Amino acid sequence: MFNIFREKKQTELNLVLDDLTALEQYIHDLFNFSPLPVCFISPIGVILEVNPALEKVTGFKMDEVIGESIEKIFDKDEASFLIRDTLKEGVVDNRELLLLSKGGNKIIAQVSTRVRKDENNETVGFFISLSDLTRIKKTEAELKRIQEALLNILEDTEQARKKAEEERNKTEAIIVNLTDGLVFFDRNHNLAMINPQAEKFFGVKAEDIVGENIKSLINSGNFALPAKFLGPEIKTVFRKELVLDRHTILEISTSAMGSEGEDLGDLVVFHDVSREKAVERLKTEFVSLAAHQLRTPLSAIKWSLRMVLDGDAGKIKQEQREILEKTYQSNERMISLINDLLNLSRIEEGRYVINPVALDLAKICLQVIESFKDSFSNKGLKFKIFQSSLKPIFVIADEEKLKLTVQNLLDNALKYTPAKGVVEVSLKQIGKNVRLEVRDTGIGIAKEEQGRIFSKFFRGSQAVLIEPTGTGLGLYMAKNIIEGHGGKIGFSSEQGKGSVFYFTLPKQKKGVSL
Amino acid sequence: MKRVLIIEDEEIMLKLLKRKLSQDYEVFTATDGQQGLDMIKRAAPDLILLDLVMPKMDGFGVMEEITKDENLKKIPLVVISNSGQPVEMDKIKEMGARDWLIKTEFDPQELSDKVKKIIGT
């Protein structure tokens, strides 16, 4: 009975033992099979067991690490914290640690631990399970890098956008606040932009006309006047006047806009010159009136003297004649001064070139020169003419004004060249232009005064000493006339040695008239 | 003897012109536009010398009235003036004046020659 009991007990024990062995094997298999790297560590940090997954991730063979300190596979400091925290808390969840591989690589791993206790509740060690975060970290780092790059790009874009916006705002502010009217037509001649000043000039609203083609703008609406002025093809103009109403005169300039050879369209600028024009008109009216009022007594004097001198009022003595003749000459000077003033006001009114016809410049020059010959010889000046060809040289000009110009240049040479000097006039054809040159050996113009020589009323300091009665208008008028004819005028001069004044005019074929 | 009418408000000019032209013509005078217009009708001159700036009716007014009358329109008319702005000159020619002259640019002899050229003596 007892034996049976003992046997039975022995059998039961064996069974339990078998079960236990089987269980141990099961656990061992499971431990080995787990794809999760796991190890078991003693409370003092000695590696007691590792599974193949851990071998794989660390590169260490089982026998290389078992019995070794945990510091073999973990960072020393991190390992000691891990042991401390695990023993204190019983568990550590998902802590990131550096795992040291055999090859010396540091692998970022996420680690969890859990203590194991025996039946007496004594800690016998702890499990560490870890997952390799390297790839995740790498991906994460990559993502972060991409994110940063994206953020940088966004930031750059934002900055660029801000800068562009600032620039745009600046440009817009300039366009909006400009006192000139601005209108932009795209390359198809559709109105693309109009600024507030231009809206104001023409009494139009941007929203009503933006997008409209110039051809339809010409036909109706408040913008018809400037549109007609510009024409369906938007002709190129520079500072052309457009009379808007009784009080407003605009100066219109167009400018073709292009970028890298691409036609973008045309910008039209409307500059309000009403005030300038009003002042100019008042001044001109004043000068005209003053000139007229001055001429009336001068013509009375002229006619009285002439009649007396001609003997129409009875015979006069030689002495009286001489005195009256001098008075007559003085009066003539006054008249020419007034004429200068009148001409000047006309030049400035822009209606000076009233009668442009095809003229032979050579003939005109010879006529003017003829009237100067006596004066030159009386003063003891040598006078020479150079002409490259005897054929007529045609220019389109107003005869009276052209003569006046040649006269002014010769008059200066005569006045400001001392006796025994030389005055040379030459006429040359240069390409499509003809050039008239008056060279003298006169007093010249001081360097510091040369910049002002064509200014209205300006007279050189030396010139004033020699000829106190000049008006300072001759060269000013000459410049206005020549430029009004599409020519150029200029000079070179050296004080005490002489001056060369010249102008060029475009040549024309005979018979061509405007 | 042919008749010349001078319409001119300035006394000295009128006197000088009259004196000069009286050598060859029967000269009538008027000192403003209105008077001048009456005189044109009464004296039937062969030529009119007309000033522009005058009281009552200026030279432009006189020319306007003349152009309304087919007979008066035929009388040669020379404008004598101290102005002579291009716009005025254009207007004067448009209104049928034979010629214009700026007083400062002419002397009495030249004027007399001009008149002779137009109507003879």
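Since this is a predicted model, take the numbers as computed values, not measurements.

Considering the overall build of chain A
Step number 1: Along the backbone of chain A there are 16 helices and 17 strands.
Step number 2: In chain A, which comprises 514 residues, the share counted as buried stands at 39%.
Step number 3: Sequence-distant contacts in chain A: of pairs separated by 6 or more residues, those separated by 24 or more amount to 53%.
Step number 4: For chain A, the exposed area adds up to about 30,800 Å²; of that, 54% sits on carbon and sulfur atoms.

Section: the sheet that holds strand E9 (residues 249–259) of chain A
Residues and elements named next belong to chain A.
Step number 1: Within the open sheet, the five strands sit side by side as E7-E6-E10-E9-E8. Their pairing is antiparallel. Two strands close off the open sheet at either side, each with one partner strand: strand E7 (191–194) and strand E8 (240–243). Mean inter-strand twist for the sheet, computed between neighbouring axes without regard to direction, equals 25°.

Examining the side chain of Asp440(A)
Residues and elements named next belong to chain A.
Step number 1: Residue placement: aspartate 440 occurs in strand E15 (residues 433–440).
Step number 2: Put simply, aspartate 440 is tucked away with no salt bridge, and the nearest opposite charge, on arginine 439, sits 8.8 Å away.
Step number 3: From its side chain, aspartate 440 meets the backbone nitrogen of glycine 442 in a polar contact 2.9 Å long.
Step number 4: Each residue touching aspartate 440, except ones within four places of it in the same chain, is listed here: Ala413, Thr417, Val422, Val423, Lys497, Gly498 and Ser499.

Let's talk about the interface of chain A and chain B
Step number 1: With 21 residues of chain A in contact, the opposing surface of chain B contributes 24 residues.
Step number 2: For the chain A and chain B pair, buried surface summed over both sides reaches about 2,100 Å², with 62% attributable to carbon and sulfur atoms.
Step number 3: Per-residue buried area on chain A facing chain B is highest for Arg295(A), Trp303(A) and Met307(A); these three make up 32% of the total on that side.
Step number 4: Counting the contacts that link chain A with chain B gives one salt bridge.
Step number 5: One salt bridge connects Lys20(B) with Asp312(A), and the closest N-O pair in it is separated by 2.8 Å.
Step number 6: Our count for the contact surface shared by chain A and chain B stands at nine residue pairs in polar contact (both at pLDDT 80 or more).
Step number 7: Among the secondary structure elements, those contributing two or more residues to the side of chain A that touches chain B are helix H10 (274–309) and helix H11 (318–349) of chain A.
Step number 8: Taken together, the residues that form the side of chain A that touches chain B break down as seven nonpolar, six polar and eight charged.

Here's the deal with the side chain of Glu8(B)
All names here are of chain B.
Step number 1: Along the chain, glutamate 8 falls in the loop between strand E1 (3–7) and helix H1 (11–21).
Step number 2: Reaching out from glutamate 8, the side chain makes a polar contact with the side chain of lysine 103 at a distance of 2.9 Å.
Step number 3: Residues in contact with glutamate 8, not counting those within four places in the same chain, are Met13, Leu14, Ala30, Thr31, Asp51, Met54, Ile80 and Lys103.

Things to note about the environment of Leu242(A)
Step number 1: Considering the arrangement of structural elements, one finds Leu242(A) in strand E8.
Step number 2: In this view, Leu242(A) contacts Leu225(A), Pro226(A), Phe229(A), Thr248(A), Ile249(A), Leu250(A) and Ile252(A); residues no more than four positions away in its chain are not counted.

Considerations on the packing of helix H2 (residues 33–43) of chain B against helix H3 (residues 59–68) of chain B
All names here are of chain B.
Step number 1: Running from N to C, H2 and H3 point in directions that differ by 30°, and their axes come no closer than 9 Å. The orientation of H2 with respect to H3, classified from their angle, is roughly parallel. At the point where H2 passes H3, the crossing takes the right-handed sense. Across the interface between the two elements, Gly33, Leu37 and Ile40 from H2 touch Val62, Glu65 and Ile66 from H3.
Step number 2: For the contact of H2 with H3, the per-class residue count stands at four nonpolar, one polar and one charged.

A closer look at the sheet that holds E15(A)
Residue and element names in this part refer to chain A.
Step number 1: Strand order in this open sheet of five strands is E12-E14-E15-E17-E16, and the pairing throughout is mixed. Every interior strand has two partners, whereas the edge strands, strand E12 (382–387) and strand E16 (488–494), have only one. Across this sheet, the average inter-strand angle for adjacent strands is 10°, counted without regard to direction.
Step number 2: Here E15 pairs with strand E17 (residues 498–506) via eight bridges, running antiparallel. Bridging from a neighbouring strand, valine 434 pairs with leucine 505 of E17.
Step number 3: Each of E12, strand E14 (422–430), E15 and E17 is contacted by helix H12 (residues 361–379), which is oriented at about 170° to E12, the strand it contacts most.

Re the confidence of the model for chain A
Step number 1: In the predicted model, chain A carries a mean pLDDT of 85, and the fraction of residues at 70 or more is 95%.
Step number 2: Highest mean pLDDT in chain A belongs to E17(A) (94); lowest belongs to helix H1 (residues 2–33) of chain A (78).

Describing the nonpolar core
Residue and element names in this part refer to chain A.
Step number 1: Among the nonpolar cores identified, the biggest contains 37 residues, and Leu410, Leu436 and Phe503 are the most heavily contacted of them.
Step number 2: If you list the elements that add at least two residues to this core, you get H12, strand E13 (394–398), helix H13 (399–416), E14, E15, helix H16 (474–484), E16 and E17.
Step number 3: Sort the elements by how many residues they give to this core and H12 lands first, with eight residues.
Step number 4: Contacts of phenylalanine 503, omitting those with residues within four sequence positions, involve Leu361, Leu402, Thr405, Val406, Leu409, Val434, Arg435, Leu436, Ile482, Lys488 and Ile489.
Step number 5: Counting residues in each nonpolar core, the second largest holds 25 residues, with Leu191, Leu217, Ile218 and Leu242 among its members.

Some points on H1(B)
All names here are of chain B.
Step number 1: Among the residues making up H1, those that are buried are Met13, Leu14, Leu16, Leu17, Lys20 and Leu21. All buried residues of H1 lie within an arc of 165° about the axis, which places them on one face of the element. Looking at H1, the residues exposed on the side facing more than 90 degrees away from the buried face are Glu11 and Lys15.

Rules used throughout
Residues numbered from 1 in each chain as written. Chains lettered and ligands numbered in written order. Predicted model: local features only at pLDDT ≥ 70, side-chain atom pairs only at ≥ 80, totals over all residues. Heavy atoms only, no water. Helix = DSSP H or I, 4+ residues; strand = E, 2+ residues; numbered from the N terminus. Buried < 20%, exposed > 50% of the residue type's maximum accessible area, 1.4 Å probe, protein only. Contact = heavy atoms within 4.5 Å. Areas by Shrake-Rupley, 256 points an atom, 1.4 Å probe, with all protein chains shown as cover. Pairing = 2+ DSSP bridges. Axes fitted to C-alpha atoms, helices over the stretch in contact; angles between N-to-C directions. Lys, Arg positive; Asp, Glu negative; His and termini not counted. Salt bridge = Lys/Arg side-chain N within 4 Å of Asp/Glu carboxyl O. Polar contact = N/O pair within 3.5 Å; in protein donor to acceptor, adjacent residues only side chain to side chain. Buried area = accessible area lost by both parts, 1.4 Å probe. Nonpolar A, V, L, I, M, F, W, Y, C, P; charged D, E, K, R; others polar. Parallel < 35°, antiparallel > 145°, perpendicular 65-115°, else oblique. Left-handed = near helix turned anticlockwise from the far one by under 90°. pLDDT = per-residue confidence, 0-100. Core = buried A, V, L, I, M, F, W, Y, C linked by side-chain atoms within 4.5 Å. Arc of directions from axis to C-beta.

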